[in-house]
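The chain contents come next:
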Amino acid sequence: MPAYEVEMRHDRKSLTDLAHMQYDLFCGRNRMARGLLSALLIVIALLYGGGSWWSLMIIAYACYLLTSTYAASNRTARRLADQLEAAGQPLPASRYVFEEKKMRIFNLSDGEELDALPYGEVVGLGEDYDAFYLFRSQYGGYRIPKAELGGKESAFRRFAEEKTGKLFMRRDTPLNRLRQWLRTREREPMHL
């Protein structure tokens, strides 16, 4: 009997979310380099530019580096969706069956079973507000929507961490924390 069974039908947003999590997990050096280069460029522009046109251009480029973190991820997700739609193919849809030693993957279009993912081969786990992510490699992974887990998100998190021996990396922004806090406040009874 499987521990969990989840269906995932991708849309453009879910492909983009998967690409963002992939970047967050596997491109930390790139993110750090962009941040350091941006800071260095701003310092140079402020110290030596004196408000000249080139110092403003350097500051603008530094700001672009800071704010375009996911530009390549967005382009990759958009290109994949465009290619599938141009070929008349649907976006990926899968059923994930979490068993004791592996995750089995079935294509929902034709029911074909794809290569299973033994938990020992998972290279990274990620989590955001809406989903969990399991990565087979730094080039591909799976999105598990929390809504499909029927309120068992905490149990699934423990299950996946125990089976893979890895911890979930959370993408937790102040805005996401605020949204989560507001949702929990809505469910609380009125206080006197």
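S.K.: So what's going on with the overall build of the chain? Residues and values would help.
M.R.: Counting its secondary structure elements, the chain contains six helices and eight strands. Of the regular secondary structure in the chain, the N- to C-terminal order runs β-α-α-α-α-β-β-β-β-β-β-α-β-α. Looking at the chain residue by residue over its 192 residues, the buried ones come to 33%. Considering only contacts within the chain whose residues lie at least 6 apart along the sequence, 57% involve residues at least 24 apart.

S.K.: An account of the sheet that holds strand β1 (residues 4-9) is requested, with residue identities and associated values reported.
M.R.: Picture the strands of a sheet paired through backbone hydrogen bonds; they go either parallel or antiparallel. One open sheet accounts for four strands, arranged β1-β2-β3-β4; its pairing is antiparallel. Looking at which strands have only one partner, the edges of the open sheet turn out to be β1 and β4 (113-118). Averaged over all neighbouring strand pairs, the angle between strand axes comes to 20°, with direction disregarded. With five bridges joining them, strand β2 (residues 93-98) and strand β3 (residues 102-107) adopt antiparallel strand pairing. The residue of β3 that forms the bridge with Val97 is Arg104.

Procedures and definitions
- Residues numbered from 1 in each chain as written.
- Predicted model: local features only at pLDDT ≥ 70, side-chain atom pairs only at ≥ 80, totals over all residues.
- Heavy atoms only, no water.
- Helix = DSSP H or I, 4+ residues; strand = E, 2+ residues; numbered from the N terminus.
- Buried < 20%, exposed > 50% of the residue type's maximum accessible area, 1.4 Å probe, protein only.
- Contact = heavy atoms within 4.5 Å.
- Pairing = 2+ DSSP bridges.
- Axes fitted to C-alpha atoms, helices over the stretch in contact; angles between N-to-C directions.

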